[in-house]
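# Notes for the structure review
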Amino acid sequence: MSAFDDGSGPDFGAPDPDFGPGDQGPPPLTLEERAGILDDLAELEVFRTLLEPTGVKGIVVDCPDCDEEHHVDWALMAANLRQLLDEGQTGRHEPPFDPDPDDYVSWDYASGYADGVAAAADRDEPTGRHGTGRHARDD
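Criteria and cut-off values
- Residues numbered from 1 in each chain as written.
- Predicted model: local features only at pLDDT ≥ 70, side-chain atom pairs only at ≥ 80, totals over all residues.
- Heavy atoms only, no water.
- Pairing = 2+ DSSP bridges.
- Helix = DSSP H or I, 4+ residues; strand = E, 2+ residues; numbered from the N terminus.
- Contact = heavy atoms within 4.5 Å.
- Axes fitted to C-alpha atoms, helices over the stretch in contact; angles between N-to-C directions.
- Phe/Tyr/Trp six-rings, centres within 6.5 Å; stacked < 30°, edge-to-face > 60°.
- Buried < 20%, exposed > 50% of the residue type's maximum accessible area, 1.4 Å probe, protein only.
- Salt bridge = Lys/Arg side-chain N within 4 Å of Asp/Glu carboxyl O.
- Patch = residues over 30% accessible without salt bridge, like charges linked within 9 Å, V, L, I, M, F, W, Y side chains within 5 Å.
- Areas by Shrake-Rupley, 256 points an atom, 1.4 Å probe, with all protein chains shown as cover.
- Lys, Arg positive; Asp, Glu negative; His and termini not counted.
- Charge placed at Lys NZ, Arg CZ, Asp CG, Glu CD.
- Core = buried A, V, L, I, M, F, W, Y, C linked by side-chain atoms within 4.5 Å.

The next point concerns the sheet that holds strand E1 (residues 58-63). Read from one edge of the open sheet, 3 strands run E2-E1-E3, paired in mixed fashion. Strand pairing shows two members of the sheet lacking a second neighbour, strand E2 (68-73) and strand E3 (104-105), which therefore form its edges. Note that E1 and E3 share 2 bridges and pair parallel. Residue pairing across strands places Ile-59 opposite Val-105, the latter belonging to E3. Contacts from helix H2 (residues 74-87) reach E1 and E2, with the element oriented near 100 degrees to E2.

The following block contains the structure:
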């Protein structure tokens, strides 16, 4: 299970405003949250491996803070996840200049694409065994 239960992939909002200069920052991540982020990192690498050769530059994320879509390239998304893992939150990052929305896909789209590739690979397996397809997180 992902660290983000809504199924839409990571949520990279602004740092929590409840933590002021004298605070210690966000509470430590639980083991379940850490495992979810590690799963997201692994899944992101699968997405990048499959989609980057087709021209997809990254993931589009719905931002709950500004109600806008943010276009995040593969490397920045991975860096955000690593920062979330290390620090329990992500900082603000400069979005790409004038991104073409057609170059980015949602986490759900990337996940479905990966599932389709896995199902096709299982179906075409030379042993003749027909699999049911697997999600990247099922490994």
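Having seen the structure, we can now continue with the description.
Counted according to the given criterion, the structure contains 2 aromatic pairs. Aromatic pair Phe-47 and Trp-107: ring centres 5.1 Å apart, planes at 75 degrees, arrangement edge-to-face. Placement of the pair is Phe-47 in helix H1 (residues 31-51) and Trp-107 in helix H3 (residues 107-123), with a sequence separation of 60 residues. The class for Trp-107 is buried, based on a relative accessible area of 3%. Each ring, one from Tyr-109 and one from Tyr-113, has its centre 6.3 Å from the other, and the planes form 25 degrees; the classification is stacked. Here Tyr-113 and Tyr-109 lie together in helix H3, a separation of 4 residues that amounts to about one turn. On the accessibility criterion, Tyr-113 (30% relative accessible area) is partly exposed.

Let us look at unusual backbone geometry. Here Asp-67, not a glycine, exhibits a phi torsion of approximately 55 degrees, which is positive. With respect to the helices, strands and loops of the structure, Asp-67 is situated in the loop between E1 and E2.

The subject of this paragraph is the pattern of salt bridges. The full count for this structure, using the stated rule, is 3 salt bridges. Here Glu-52 ties to Arg-48 by a salt bridge, and the two come within 3.3 Å at their closest N and O atoms. Residues Asp-103 and Lys-57 are paired through a salt bridge, measuring 3.4 Å at the closest nitrogen-oxygen approach. Placement of Asp-103 in the loop between H2 and E3 and of Lys-57 in the loop between H1 and E1 is noted, with a sequence separation of 46 residues between them. Taking the relative accessible area as the measure of exposure, Asp-103 reaches 18% and is therefore buried. Look at Lys-57 and you get partly exposed, because its relative accessible area is 47%.

Moving on to a negative patch on the surface. On the surface, Asp-62, Asp-67, Glu-68 and Glu-69 cluster together into a patch of negative charge. Among the structural elements, Glu-68 can be located in strand E2.

The next thing to look at is the nonpolar core. Soluble, globular proteins show a tendency: their nonpolar side chains are buried together. Of all hydrophobic cores here, the largest spans 19 residues; its most connected members are Leu-44, Phe-47, Leu-51, Ile-59, Trp-74 and Met-77. Broken down by secondary-structure element, the contributors of at least two residues to this core are H1, E1, H2 and H3. Sort the elements by how many residues they give to this core and H2 lands first, with 6 residues. Sequence-distant contacts of Trp-74, that is, excluding residues within four places in its chain, are made with Leu-44, Phe-47, Arg-48, Leu-51, Glu-52, Val-56, Lys-57, Gly-58 and Ile-59.

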